[in-house]
Amino acid sequence: MPAPSINEPETEIVETSRVSCDGGGGALGHPKVYMQIGPERYVECGYCDKKFVLKDGVPLGGHH
């Protein structure tokens, strides 16, 4: 019986509202996609379901 964590989507805490994901590269990867975190403060990759969560205290769209 495989460990349940094998198919769980990964979550990454980020400090920028613009993120990219390539599925980790290699044979298990996918084309690199860029995503914008919106008011909900997270975004999920459409390919691999990895979740990018904006770190608390970081403003949305911080273009300084």
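See above for the structure.
Just so it is clear, the structure is predicted and the values come from calculations on it, not from any experiment.

Visitor: Would you explain the overall build of the protein in this entry?
Guide: Secondary structure assignment for the protein yields zero helices and five strands. What you see in the protein, going N to C, is helices and strands ordered as β-β-β-β-β. Each of the 64 residues in the protein was classed as buried or not, and the buried ones make up 23%. The contacts in the protein between residues at least 6 apart in sequence include a share of 34% that link residues at least 24 apart.

Visitor: Please clarify how the pattern of salt bridges should be interpreted in this entry.
Guide: Note that side chains of opposite charge can pair when their charged atoms are close. Counted under the stated rule, the structure contains three salt bridges. The residue Glu 10 makes a salt bridge to Lys 50 at a minimum N-O spacing of 3.8 Å. Highlighted residues: Glu 10 in the segment before β1 (11-14) and Lys 50 in the loop between β4 (42-44) and β5 (51-54), separated in sequence by 40 residues. For Glu 15, the salt bridge identified is with Lys 55, shortest N-O distance 3.4 Å. With Glu 15 in the loop between β1 and β2 (18-21) and Lys 55 in the segment after β5, this pair connects stretches of sequence that are 40 residues apart. Given the relative accessible area of 57%, Glu 15 is considered exposed. Overlapping salt bridges, with partners in common, bring together Glu 10, Glu 12 and Lys 50 in one network.

Visitor: Looking at this structure, I do not really get the packing of aromatic side chains. What am I missing?
Guide: The geometry of an aromatic ring pair comes down to the distance between the two centres and the angle between the two planes. Evaluation of the coordinates by the stated rule reveals zero aromatic pairs. Sitting above the plane of the Tyr 42 ring, Lys 51 keeps its charged end 4.5 Å from the centroid.

Visitor: How should the side chain of Ser 17 be read in this particular structure?
Guide: Turning to its location among the elements, Ser 17 is positioned in the loop between β1 and β2. Side-chain polar atoms of Ser 17 contact the side chain of Gln 36, separated by 3.1 Å.

Visitor: What exactly am I supposed to notice about the pairing of strand β3 (residues 33-36) here?
Guide: Each regular strand shows side chains that alternate between the opposite faces of the sheet. Of the two faces of β3, the one lined by Val 33 and Met 35 is fully buried and the one lined by Tyr 34 and Gln 36 carries no buried residue. Where β2 lies against β3, four bridges are found, and the strand directions are antiparallel. Note on β3: the bridge partner recorded for Cys 21 is Val 33.

Conventions used here
Residues numbered from 1 in each chain as written. Predicted model: local features only at pLDDT ≥ 70, side-chain atom pairs only at ≥ 80, totals over all residues. Heavy atoms only, no water. Helix = DSSP H or I, 4+ residues; strand = E, 2+ residues; numbered from the N terminus. Buried < 20%, exposed > 50% of the residue type's maximum accessible area, 1.4 Å probe, protein only. Contact = heavy atoms within 4.5 Å. Salt bridge = Lys/Arg side-chain N within 4 Å of Asp/Glu carboxyl O. Phe/Tyr/Trp six-rings, centres within 6.5 Å; stacked < 30°, edge-to-face > 60°. Lys NZ or Arg CZ within 6 Å of the ring centre and 35° of its normal. Polar contact = N/O pair within 3.5 Å; in protein donor to acceptor, adjacent residues only side chain to side chain. Pairing = 2+ DSSP bridges.

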